[in-house]
Amino acid sequence: MSAGAGGDTSDRVLAAPPITTDTVRDLLSDPKIFPGVSADLDEDAELVLDSLGLVWLLHLVEERHGLVVEPTDGDIADLTSLRRLTAYLRATQADRAGTAERPEGPESAEGPESAEGAGRDER
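Remember, it's a predicted structure, so these values are computed and weren't measured experimentally.

Conventions and cut-offs
Residues numbered from 1 in each chain as written. Predicted model: local features only at pLDDT ≥ 70, side-chain atom pairs only at ≥ 80, totals over all residues. Heavy atoms only, no water. Salt bridge = Lys/Arg side-chain N within 4 Å of Asp/Glu carboxyl O. Helix = DSSP H or I, 4+ residues; strand = E, 2+ residues; numbered from the N terminus. Buried < 20%, exposed > 50% of the residue type's maximum accessible area, 1.4 Å probe, protein only. Phe/Tyr/Trp six-rings, centres within 6.5 Å; stacked < 30°, edge-to-face > 60°. Lys NZ or Arg CZ within 6 Å of the ring centre and 35° of its normal. pLDDT = per-residue confidence, 0-100. Contact = heavy atoms within 4.5 Å. Expected span 1.5 Å × (residues − 1). Arc of directions from axis to C-beta. Core = buried A, V, L, I, M, F, W, Y, C linked by side-chain atoms within 4.5 Å.

**Student:** Could you give an account of the pattern of salt bridges, with specific residues and numbers?
**Tutor:** Per the stated rule, a full pass over the model turns up 5 salt bridges. Between R64 and D26 there is a salt bridge whose closest N-O contact spans 3.4 Å. Here D26 lies in helix α2 (residues 21-28) and R64 lies in helix α3 (residues 51-65), a separation of 38 residues in the sequence. According to the relative accessible area criterion, R64 is partly exposed, its value standing at 44%. In this structure, R83 and E43 form a salt bridge, with 3.3 Å as the shortest nitrogen-oxygen distance. Taken together, the positions of R83 in helix α5 (residues 82-101) and E43 in the loop between α2 and α3 put the pair 40 residues apart, joining distant regions of the chain. The class of E43 is partly exposed, set by a relative accessible area of 27%.

**Student:** Outline the packing of aromatic side chains, supporting the account with residue identities and numerical values.
**Tutor:** Per the counting criterion, the structure on display carries 0 aromatic pairs. Looking at K32, its charged tip hangs above the ring of W56, at a distance of 4.3 Å from the centre.

**Student:** Let's hear about α2: which residues, and what values?
**Tutor:** Within an α-helix, residues lying three or four positions from one another point in the same direction, as the helix has 3.6 residues per turn. With respect to burial, α2 is a largely interior element, 6 of its 8 residues being buried. Buried within α2 we find T21, T23, V24, R25, L27 and L28.

**Student:** Any details on the confidence of the model for the protein chain? Residues and values, ideally.
**Tutor:** For any part of a model where pLDDT is low, the fine detail of the predicted coordinates should not be relied upon. A residue-level look at the protein chain finds 68% of positions with pLDDT of 70 or above and a mean pLDDT of 76. Note on residues 1-7: pLDDT under 50 across the span, and 3 contacts to partners over four residues away in sequence or across chains. Contacts for the low-pLDDT stretch residues 105-120, under 50 throughout, to residues beyond four places or in other chains number 8 contacts.

**Student:** Describe α3, listing the residues and the values that go with them.
**Tutor:** Helix length check: α3 (15 residues) gives 21 Å between terminal C-alpha atoms against 21 Å at 1.5 Å per residue, within 8%. When we look at burial in α3, the residues that qualify are G53, L54, L57, L58, L60, V61 and H65. Down the axis of α3, the smallest arc covering the buried residues is 160 degrees, so these residues share one side. Among the exposed residues of α3, those oriented more than 90 degrees off its buried face are S51, L52, V55 and E63. G66 occupies a position one or two residues after α3 and carries a positive phi of about 65 degrees.

**Student:** Account for the nonpolar core, naming residues and giving values.
**Tutor:** One finds L28, L57 and L89 to be the most contacted residues of the largest nonpolar core, which totals 21 residues. Every element with two or more residues in this core is listed here: α2, α3 and α5. Residue contributions to this core peak at 5 residues, all from α3. Those residues in contact with L57, other than ones at most four positions away along the chain, are L27, L28, I33, L49 and L85.

**Student:** Hey, could you go over the side chain of S81 for me, with residue numbers and the actual values?
**Tutor:** Relative to the helices and strands, S81 is located in the loop between α4 (73-78) and α5. For S81, the contacting residues outside a window of four places in its chain are E43, D44, A45 and L47.

Right, dumping it as structure tokens:
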């Protein structure tokens, strides 16, 4: 079975433009997340995402940007403003893009601690 016309998710993450504050503001304007959100929502305005709004937001992020986001409870508790939400999504996007670009090998399979020379300070 093929991955479909869209390609696999890692290809879309690499090709997707960086997530910006305006991108997240646009996502939040979906009436299923925040009905009537202002187009000039301040970056530090307090946000309270309910569970259904969060699920829909993450669905839109995956649908529009090819980014699968699986936040922990701690991550969710910190998503309290447009600025924090944008920073979290950008960091996740960068992490996923970096993971997709890393070659297979002992370091990427088991982490940098298992690589030869682990623990040395190479300054």
